[in-house]
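Summary of the model geometry
Chain residues, written in single-letter form:
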Amino acid sequence: MTEPTDRTGTPGPNDSTRTNGSTAPNDSTDPGDRSGNDGPAGSGPPAERRRARVVLVDDHRMFRTGVQAEIGRTETTGVEVVGEAADVDQAVTVIKATRPEVVLLDVHLPGGGGVEVLRRSAALMSDGENPVRFLALSVSDAAEDVIGVIRGGARGYVTKTITGADLVDSIFRVQDGDAVFSPRLAGFVLDAFASTDAPPVDEDMDRLTQREREVLRLIARGYAYKEIAKQLFISVKTVESHVSAVLRKLQLSNRHELTRWATARRLV
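Residues numbered from 1 in each chain as written. Predicted model: local features only at pLDDT ≥ 70, side-chain atom pairs only at ≥ 80, totals over all residues. Heavy atoms only, no water.

To continue, consider the environment of Leu-105. Secondary-structure assignment places Leu-105 in strand E4 (residues 102-105). Judged by relative accessible area, which is 1%, Leu-105 ranks as buried. Leu-105 sits 33 residues away from Ser-138 along the chain, and the two C-alpha atoms are 7.6 Å apart. In contact with Leu-105, other than residues within four places in its own chain, are Val-57, Gly-114, Val-117, Leu-118, Phe-134, Leu-135, Ala-136 and Leu-137. (Helix = DSSP H or I, 4+ residues; strand = E, 2+ residues; numbered from the N terminus. Buried < 20%, exposed > 50% of the residue type's maximum accessible area, 1.4 Å probe, protein only. Contact = heavy atoms within 4.5 Å.)

Structural data, given as structure tokens:
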């Protein structure tokens, strides 16, 4: 990993909401002791260190588990994972039940995606005393995904290449009300909000599901099917199915035409 991580998790029908936030074993890279960084955590004993209660929302259980292992050792990181969810309905239920300071939110989720979670959590985000803040954590670095969740109310957007230490730092910054972005993503937001023109509608892109768009971008960047499967936590057979669907919907013949199509739309 190299960016904000949500807890690892392979998708599955029995992937249920967790709200206990159990601490993961110490078998991953230590994201770092925050005792010298933020507020009272600097010189006080462990009991005085900053704390952030976090919910992880991602439809892959393995990814959630990995994030938990990276950031969930509370005595070291100050982060307490109090809940998990794998889809929109689970996420809304867990967030309302636990009222975390920060939610790590995947953009692409069953049930409507991260934007739908934000829409249904609007009242919690606007709470004047104890607002719930959202940090998007996604494999996607597409401009429309970034802009969509920021318009929906997220305080930042980081990709899953983030390190554990940087993710912990991002969580505390978002808790403080700061905006946090992976280096090249901030430009998307600045460009979007500087323009008064609505983005043009791409009817071809609208035919594709969010997952098909992810596969499309990775194919266009030259990834092999096995690499895409590993990146998205899906099987090679599922990747092949998504590619076939994309080619059919866009009326293209092969991945070379698909790459040219994506390049023409600056999706690469």
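Here the focus is the pattern of salt bridges. In total, this model carries 14 salt bridges according to the counting rule given. Between Glu-75 and Arg-51 there is a salt bridge, and its shortest N-O distance comes to 3.2 Å. Separated by 24 residues along the polypeptide, Glu-75 in helix H2 (residues 74-77) and Arg-51 in the loop between strand E1 (8-9) and strand E2 (52-57) bring together distant segments of the chain. Judged by its relative accessible area of 31%, Arg-51 falls in the partly exposed class. Residue Glu-212 pairs with Lys-249 through a salt bridge whose shortest N-O separation is 2.9 Å. Linking Glu-212 in helix H10 (residues 210-220) with Lys-249 in helix H12 (residues 236-250), this pair joins segments that are 37 residues apart in sequence. Overall, Glu-212 belongs to the buried group, its relative accessible area being 6%. Given the relative accessible area of 25%, Lys-249 is considered partly exposed. Shared partners join several salt bridges into a network, and the residues in it are Asp-58, Asp-106 and Lys-160. (Salt bridge = Lys/Arg side-chain N within 4 Å of Asp/Glu carboxyl O.)

With that settled, the discussion passes to the environment of Gln-231. You can see Gln-231 is positioned in helix H11 (residues 225-232). It is 9.2 Å that separates the C-alpha atoms of Gln-231 and Leu-218, two residues lying 13 residues apart in sequence. In contact with Gln-231, other than residues within four places in its own chain, are Val-139, Leu-218 and Tyr-223.

This part is about unusual backbone geometry. The backbone of Arg-99 sits at a positive phi, close to 50°, despite the residue not being glycine. With respect to the element layout, Arg-99 can be found in the loop between helix H3 (88-98) and E4. Phi is positive for Gln-251, which is not a glycine, with a value near 60°.

This part is about the sheet that holds strand E3 (residues 79-85). Strand order in this open sheet of six strands is E3-E2-E4-E5-E6-E7, and the pairing throughout is parallel. Across the chains shown, the open sheet's two edge strands, defined by having one partner strand only, are E3 and strand E7 (180-181). Across the sheet, helix H6 (residues 143-152) is in contact with strand E5 (133-138), strand E6 (156-159) and E7; its angle to E6 comes to roughly 145°. (Pairing = 2+ DSSP bridges. Axes fitted to C-alpha atoms, helices over the stretch in contact; angles between N-to-C directions.)

Time to look at the environment of Asn-130. Mapped onto the elements, Asn-130 comes out in the loop between helix H5 (122-125) and E5. Exposure remark for Asn-130: the relative accessible area of 53% places this residue in the exposed category. Considering only alpha carbons, one finds Asn-130 and Pro-100, 30 residues apart in sequence, at a separation of 9.0 Å. With residues up to four places along the chain from it excluded, the contact list for Asn-130 reads Arg-99 and Leu-124.

Across the interface, H11 lies against H12 with an axial gap of 8 Å and an inter-helix angle of 105°. Considering the angle they form, H11 stands roughly perpendicular to H12. Along the contact surface, H11 presents Tyr-225, Lys-226, Ile-228 and Ala-229, while H12 presents Val-236, Val-239, Glu-240 and Val-243. Per-class residue counts for the contact of H11 with H12 are six nonpolar, no polar and two charged. (Parallel < 35°, antiparallel > 145°, perpendicular 65-115°, else oblique. Nonpolar A, V, L, I, M, F, W, Y, C, P; charged D, E, K, R; others polar.)

Soluble globular proteins tend to bury their nonpolar side chains together. If you look at the biggest cluster of nonpolar residues, it comprises 26 residues, and the most contacted ones within it are Val-57, Ile-95, Val-103, Leu-105, Val-117, Phe-134 and Val-149. Put simply, the parts of the chain that give this core at least two residues each are E2, E3, H3, E4, helix H4 (113-120), H5, E5 and H6. Sort the elements by how many residues they give to this core and H3 lands first, with five residues. Setting aside anything within four residues of it in sequence, one finds Val-149 in contact with Val-107, Val-115, Leu-118, Ala-136, Ala-154 and Tyr-157. (Core = buried A, V, L, I, M, F, W, Y, C linked by side-chain atoms within 4.5 Å.)

What follows covers H4. Of the positions making up H4, those classed as buried are Gly-113, Gly-114, Glu-116, Val-117 and Leu-118. Along its buried surface, H4 packs onto H3, E4, H5, E5, H6 and H10.

Such coordinate-based values are descriptive only and should not be taken to indicate function.
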